[in-house]
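# Coordinate inspection notes
For reference, the chains in residue letters:
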Amino acid sequence: MSEENEEKKDFSETGGQILSFLSDGRFFAFEITAVTDIIEIPEITRIPRVPDFIRGVINLRGKVVPVIDFRKKLGFPDGIYDDRSCIIVLEIGSYQAGIICDRVSDVENILPEQVAQSPVSGGTVKFFVTTAKKRISLLDPAVLVKGRT
Amino acid sequence: MIVPKFESGMENMVDMFVFESGDLLEKLDEILMRTEQEDSIGSDDINEIFRTMHTIKGSAAMMGLQNMSALAHAVEDLFYIIREDPNVSYDKPALYELLFAASDSLKNEIDNIQDEDVPLSDFSELEGRIHSFASVMKGGDAAKTGGPSQNGGEAYENLFPEDENENVLTYKVIYADTCAMPDMRAMVLLRALGKVCEIVKTFPADLDADGAGDDISQKGLYVKLIADEPDKALELLKTGINVASAEQVKKPEKSAPAPVKPAVEADEQVKKAKEQSAKPAAPKKQGEKHEQSMISVKLDKLDRLLDLVAEIVITEGSVISSPDLKNVGENLDRFNKSSRELKKLTDELQDVVMSIRMVPVSTAFQKMNRVIRDMNQKLKKNVTLVFEGQETEVDKSIVDILNDPLMHIVRNAVDHGIEDPQIRAEQGKTEPPTVTLSAGYDSNEVVISCRDNGAGMDTAKLMAKAKKNGMLTKPESEYTEKEIYNFVVAAGFSTNEKITEYSGRGVGMDVVKKNLEKVGGKLSVDSKLGEGSVFTIKIPLSLSIVDVMSVEIGGENLSVPMAAIKEAFSCKEENYICDADGNEFIMLRDKCMPLIRLAKHFEIDGGETDVTKGIMIHCRQDGKQAVLMADRITTDQQVVVKPFSPVLDPYRLKESGMAGCSVLGDGSITIILDMKEILDKYV
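Keep in mind it's a predicted model, so treat the numbers as computed, not measured.

## What about a nonpolar patch on the surface?
A contiguous nonpolar surface patch, about 230 Å² in accessible area, is contributed by Leu305, Val352 and Ile356 of chain B. According to the relative accessible area criterion, Val352 of chain B is partly exposed, its value standing at 42%.

## Digging into the sheet that holds strand β19 (residues 624–630) of chain B
Residues and elements named next belong to chain B. Sheet architecture is open: six strands sit in the order β14-β18-β19-β17-β16-β15, paired in mixed fashion. The two strands at the open ends of the sheet, each matched to only one other strand, are β14 (565–569) and β15 (576–578). Within this sheet the neighbouring strands show an average axis-to-axis angle of 30°, counted without direction. Pairing of strand β18 (residues 615–621) with β19 involves seven bridges; the strand directions are antiparallel. If you follow Gln621 over to β19, its bridge partner there is Lys624. The strands touched by helix α20 (residues 675–682) are β17 (591–597), β18 and β19; relative to β19, the strand with the most contacts, the crossing angle is about 100°.

## Examining the pattern of salt bridges
Residue and element names in this part refer to chain B. Under the criterion given, the structure shown has 34 salt bridges over all chains. Of the charged contacts, one joins Arg424 and Glu419 as a salt bridge, the two residues approaching to 2.7 Å between their closest N and O atoms. Judged by relative accessible area, which is 4%, Arg424 ranks as buried. On the basis of relative accessible area, Glu419 is assigned to the buried category, the value being 7%. Glu655 serves as the salt-bridge partner of Arg652, at 3.6 Å between the closest nitrogen and oxygen. Look at Glu655 and you get partly exposed, because its relative accessible area is 33%. Three or more residues are tied together by salt bridges with common partners; here these are Asp29, Glu36, Glu97, Asp104, Lys107, Arg370, Arg373 and Asp374.

## Here's the deal with the interface of chain A and chain B
With 21 residues of chain A in contact, the opposing surface of chain B contributes 21 residues. Between chain A and chain B the total buried area reaches about 2000 Å² when both faces are included, carbon and sulfur atoms providing 67% of it. Summed over the three residues of chain A that lose the most area to chain B, namely Arg46, Pro48 and Arg49 of chain A, the buried surface amounts to 33% of that side. Counting every contact that joins chain A to chain B gives two salt bridges. Between Arg49 of chain A and Glu603 of chain B there is a salt bridge whose closest N-O contact spans 3.8 Å. If you look at where chain A meets chain B, you find two residue pairs in polar contact (both at pLDDT 80 or more). Elements supplying a minimum of two residues to the side of chain A that touches chain B: β4 (54–60), β5 (63–69), β7 (95–101) and α3 (141–146) of chain A. Sorting elements by how many residues they give to the side of chain A that touches chain B places β4 of chain A first, with four residues.

Rules behind the numbers
- Residues numbered from 1 in each chain as written.
- Chains lettered and ligands numbered in written order.
- Predicted model: local features only at pLDDT ≥ 70, side-chain atom pairs only at ≥ 80, totals over all residues.
- Heavy atoms only, no water.
- Patch = residues over 30% accessible without salt bridge, like charges linked within 9 Å, V, L, I, M, F, W, Y side chains within 5 Å.
- Areas by Shrake-Rupley, 256 points an atom, 1.4 Å probe, with all protein chains shown as cover.
- Salt bridge = Lys/Arg side-chain N within 4 Å of Asp/Glu carboxyl O.
- Buried < 20%, exposed > 50% of the residue type's maximum accessible area, 1.4 Å probe, protein only.
- Pairing = 2+ DSSP bridges.
- Helix = DSSP H or I, 4+ residues; strand = E, 2+ residues; numbered from the N terminus.
- Axes fitted to C-alpha atoms, helices over the stretch in contact; angles between N-to-C directions.
- Contact = heavy atoms within 4.5 Å.
- Buried area = accessible area lost by both parts, 1.4 Å probe.
- Polar contact = N/O pair within 3.5 Å; in protein donor to acceptor, adjacent residues only side chain to side chain.

The values reported here are purely geometric and, on their own, carry no functional implication.
Shown next as structure tokens:
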């Protein structure tokens, strides 16, 4: 965890590229370094006896990757995922996880002065990023996927 | 800051060092054990031990592990004396005690080398004992410190030859007095130096020679080099580890005429030095006696290869049975021919890859020699260890798994199984106390058994003990002999009244059993009072590829391991029983077994609910039986089981009966059931 904390500081000091996406009309983002793939939603194999927000597993080039429904995970109302919806595949440490989102928005360059640290430490949202048009919540992939540690 | 144990730049060498040194120490143990038993040590063995210690000394020093290097050095000194004078008299048992202690200390150190939390051990006490033993051996000579090379003059001969190119710069490096192995240090230093300049020659010329270390500490190390940036080279020399000083030396105006001797030799040394500096840090090879036809490969490379082959097999399946082919229509003869060929090749590839990973179980067996030897020393039971079928080959991962269980079982056999010598004599047992380790195949399993001809187990005693510990789950009279013996491997069971160093706490065996079960292995016990006991380990041959039968439940695809399936059948109305509490049973040929509806168990909606329409699968594992109900069977196939992602860890999938998942030929994913967990819940 200590390393990730260092990374957090790094981002608010150095800025960097983020991949922003839309869910329930709001903007969220991951640091681009955490993202390995953006794919269409393939057939998802359901896994019995797991919470709702885990939609199941997908076959990503021979690897079995669990997929999380972002709306369900954050408690947003169910939306309809259409052909512009997709899965953002994240690499967290040694494993991968997919996040289903309404649609991917943009890759944006963020400067340190645009970044504000979230007052809640260890939460799903690490930073708030303010750009000319919108406010983006920058997420901590590990916390999103595995919960607070 | 974490201080690494070994020198920086050596991290990538650690694996190799651990592997090679471990291997050498293993061999050393073998020699020690054999020579101790034969009560004579030949000159070959002495040389072998000497060489082994020399190699370990060198490579440990190269890694910067001073403590290991110094200990190995002490043992090497000891054998230097024995080698020089084979008739020297010494206290043999004491010598072997020291040698085993040294070997164990080195092994321990290697085990802990990558663990930053464990500090480097201090071997000085042991070294002291070895040194004092050596001085006793040497008798009065002990006071003299003299090493083998007594030629310590003031300077090297022919340091500045007449015909030397003027671009060649000469540097003198002096090592600190505390530096234990200046020759090794020098080698490392020169290797680094080789990257910034061209080394022409060194004094002493051969750093690998016996006296090189002494020469360096007495006369310093001279390096001749051609450098574009001499400052950089000097800087590097100065910053070398343990270097006290480094400076450039100018050719004296008038040098004495050079003796002829080193010329030819020196040429060779230049080449050698160049080679050494050019080569990427390769560990010191262990001489020519290793057969060149063998290579050692990192296990994770093999794992990767196996993964790839498994994926190729799956992909091949998806190409050959691609639905697109149906639309192509008439003539697929050539395609079919090629795909058969491909299938043959991939099958063969799979076999070869699996066989690469196969190693004989003897590697695990041999380690037990040492266990027996130590226990014989302590317990005076004089047990002989016999191997049967030690050439049986198993997957490398299985051998690694076997080490711990075997150790526990062998210790138990000697400690509990074999009686004290006088008791054996009283009972008229004339045959020597023996523990037999045997290995072999049985269908798809490796069977390893440990048999002793000791006291055997008394069912009445075991029963009483089990009763006392509150382990009985049914009336005493209903227990079969086999079940009673298996109490031995249950948690918290120890029949030994007193706890010894080796066993008696009753924790070992159940841990062994659990560890084996983790990889699908089984442990069983059999015994005969007065004649001995047998502990049998069974492990599936291949840990990764599993035969499964896939079933569909409400559109979900689940797979049941074939090993657990007895039969599949359709159920008639009259064979279905539902008792007053709502428990459901199926009658199959006069046997009544619980019905497990997979749909209900896994909370899957939309599955078949009518028992006469679904498919029944009779499963059996570890003596527990039940009937599973699914909608229909889709296919039987071979799959590679992959564990679930750590993301899913919090949901305890294994405990709900899911062992992992597999990617099928068509790219879809199936979930592999863990029959043991499921049956445990219902039976």
